[in-house]
Amino acid sequence: MNGELTMNKAVWAQTTNVGMGTEMTHRVFGKHTQEALRAVNGEAIRLESILSHFKPESEISRINRSAGINCEELSLDTYELLSCAAEFASFSHGSFDVTVGPLVNLWDYKNSSEIPEEASIRQILPLVNYVDLILDPSKKSAGLKQSGQSIDLGGIGKGFASDKFLELFRDYGITSAFTNIGGNVAALGTKPDGSPWRVGIRHPRQSNRLLGAVLVADKAVVTSGDYQRYFVDRKGKRHHHILNPNTGYPAESGLISVTLVADSATVADALSTIIFVAGMEKGLELLKGYPGTEVILVDSDLVVYATKGLKNCFHIDVGVRVNFIA
């Protein structure tokens with residue numbers, strides 16, 4: 001879908017298409033809207049071509065094929081993203097780990113609804129180790145120490161792409177826009193009338209209901225939840241796609257939904273995963289390392305918590321109660 005309209009005297013344009021394995025929508029206001037959207041749609045194709053492990057010729061696929069053999073020279077974007085990923089892995093003590101690829105392949109949520117054998121998980125687990133990601137800043141190269149290791153950017157790639165899209169919008173003089181990559185939302189500025197963007201937060205157990213909405217400007221809003229990709233086994237237990245790199249199994253931290261509000265979509269994407277895996281107590285402690293970043297948490301009892309910085313901008317739905325925490 002592609003169009004340009006005048007709304008409230010503001011010229012705007014929007015595209016919706018499929019990329020990075022999901023639906024992407026970009027809406028921009030101002031001059032040069034069509035040029036900006038063409039540039040961003042081209043950027044989405046470029047980023048997917050270098051970062052997707054599903055594409056055999058991508059830079060990530062090259063690293064994965066060379067695991068245990070040699071390092072691969074990379075573009076600046078891929079090296080930047082892997083450097084960020086390594087920092088988040090170290091910061092979170094492995095709650096976030098892009099070398100989780102072998103586990104992701106083993107669980108295979110796209111095609112399977114069976115729990116892998118415990119022996120298979122034990123065999124794979126030693127391959128998941130972020131310290132085995134070798135980065136050379138002088139050569140801008142990366143590699144993996146052990147054969148069989150692989151990188152999966154599912155916990156950070158969409159956030160990184162969102163930040164790159166907003167950079168491009170700015171290059172075209174756009175000051176009001178948003179991008180939505182499969183529910184990962186990043187907003188540039190405010191709406192043209194100066195009001196904030198309204199981003200809905202989905203209820204983790206009622207598919208047609210929201211917990212509420214956050215009002216934001218120049219912020220990213222990213223949610224990690226156990227309802228996004230999962231299967232239910234024969235005993236009725238839900239097995240979601242967010243794996244704990246330390247156990248090899250879906251994270252069981254007592255949280256079922258984590259929404260991050262941050263200046264950077266890359267930060268929001270990674271931190272939402274980290275806190276989902278680490279749990280509320282450890283997660284809130286880690287959040288202190290990113291001042292100005294806010295979070296909405298839902299635990300397994302459907303109790304909703306939010307940091308106090310959201311008190312004036314988190315508008316809750318009827319019947320939802322929120323506990324504001326420090």
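Check the entry above for the structure.
Remember, predicted model here, so these are calculated numbers, not experimental data. (Residues numbered from 1 in each chain as written. Predicted model: local features only at pLDDT ≥ 70, side-chain atom pairs only at ≥ 80, totals over all residues. Heavy atoms only, no water.)

A. The overall build of the chain, seen in detail. From N to C terminus, the chain includes 8 helices and 18 strands. The C-alpha radius of gyration computed for the chain amounts to 20 Å, which stays within 12% of the reference 20 Å derived for 326 residues, consistent with globular compactness. The buried share among the 326 residues of the chain stands at 53%. A sequence separation of at least 24 residues applies to 57% of the contacts in the chain between residues at least 6 apart. Surface summary for the chain: the accessible area is close to 15400 Å², and the carbon and sulfur share equals 50%. Looking at the chain, you have 32 positive and 36 negative side-chain charges, and the mean spots of the two groups are 5 Å apart. (Helix = DSSP H or I, 4+ residues; strand = E, 2+ residues; numbered from the N terminus. Rg over C-alpha atoms; globule rule 2.2 N^0.38 Å. Buried < 20%, exposed > 50% of the residue type's maximum accessible area, 1.4 Å probe, protein only. Contact = heavy atoms within 4.5 Å. Areas by Shrake-Rupley, 256 points an atom, 1.4 Å probe, with all protein chains shown as cover. Lys, Arg positive; Asp, Glu negative; His and termini not counted. Charge placed at Lys NZ, Arg CZ, Asp CG, Glu CD.)

B. Local environment of the environment of Gly283. Position of Gly283 relative to the elements: it lies in helix H8 (residues 280–287). Separated by 12 residues in sequence, Gly283 and Val295 place their C-alpha atoms 9.8 Å apart. Setting aside anything within four residues of it in sequence, one finds Gly283 in contact with Ile275 and Ala278.

C. View of the nonpolar core. Membership of the largest hydrophobic core comes to 64 residues, with the highest contact counts inside it found for Ile151, Leu153, Ile156, Phe165 and Phe169. Among the elements that make up this core, the one with the highest residue count is helix H7 (residues 265–278) (10 residues). Setting aside anything within four residues of it in sequence, one finds Phe165 in contact with Met20, Met24, His26, Val40, Glu43, Ala44, Leu47, Thr179 and Ile181. Ile296, Ala306, Leu310 and Cys313 belong to the second-largest nonpolar core, a separate cluster that totals 23 residues. (Core = buried A, V, L, I, M, F, W, Y, C linked by side-chain atoms within 4.5 Å.)

D. Representation of the pairing of strand S16 (residues 304–307). Covered by surrounding structure in S16 are Val304 and Ala306 together with Tyr305 and Thr307, the residues of both alternating faces. As judged from the 3 bridges shared by strand S15 (residues 294–299) and S16, these two strands associate in the antiparallel manner. From the neighbouring strand, Ile296 faces S16, where its bridge partner is Ala306. Counted between consecutive antiparallel strands, the loop separating S15 from S16 contains 4 residues, among which Leu302 sits at a positive phi close to 65°. Looking at chain direction, S16 and strand S18 (residues 322–325) are connected through 4 bridges and run parallel. Looking across to S18, one finds that Thr307 is bridged to Ile325. (Pairing = 2+ DSSP bridges.)

E. Representation of the pattern of salt bridges within the structure. Overall, the coordinates contain 10 salt bridges when judged by the stated rule. A salt bridge links Glu80 to Lys164; its shortest N-O distance comes to 3.1 Å. With a gap of 84 residues between them, Glu80 in helix H3 (residues 76–91) and Lys164 in helix H6 (residues 157–171) connect regions that are remote in the sequence. Among the residues examined, Glu80 registers a relative accessible area of 35% and is labelled partly exposed. Between Glu285 and Lys288 there is a salt bridge, with its nearest N and O atoms 3.2 Å apart. The pair Glu285 / Lys288 is uniform in exposure class, with both members exposed. One salt-bridge network, held together by shared partners, links Glu43, Arg46, Asp77, Glu80 and Lys164. (Salt bridge = Lys/Arg side-chain N within 4 Å of Asp/Glu carboxyl O.)

F. Representation of the sheet that holds strand S4 (residues 72–73) in the model. With antiparallel pairing, 3 strands are arranged side by side in an open sheet as S4-S6-S5. Either end of the sheet is taken by a strand with one partner, and the two such strands are S4 and strand S5 (133–136). Note that S4 and strand S6 (residues 141–144) share 2 bridges and pair antiparallel. Directly across from Glu73, in S6, lies its bridge partner Ser141. Strand contacts of H3: S5 and S6, with the helix running at about 125° to S5, the strand carrying the most contacts. (Axes fitted to C-alpha atoms, helices over the stretch in contact; angles between N-to-C directions.)

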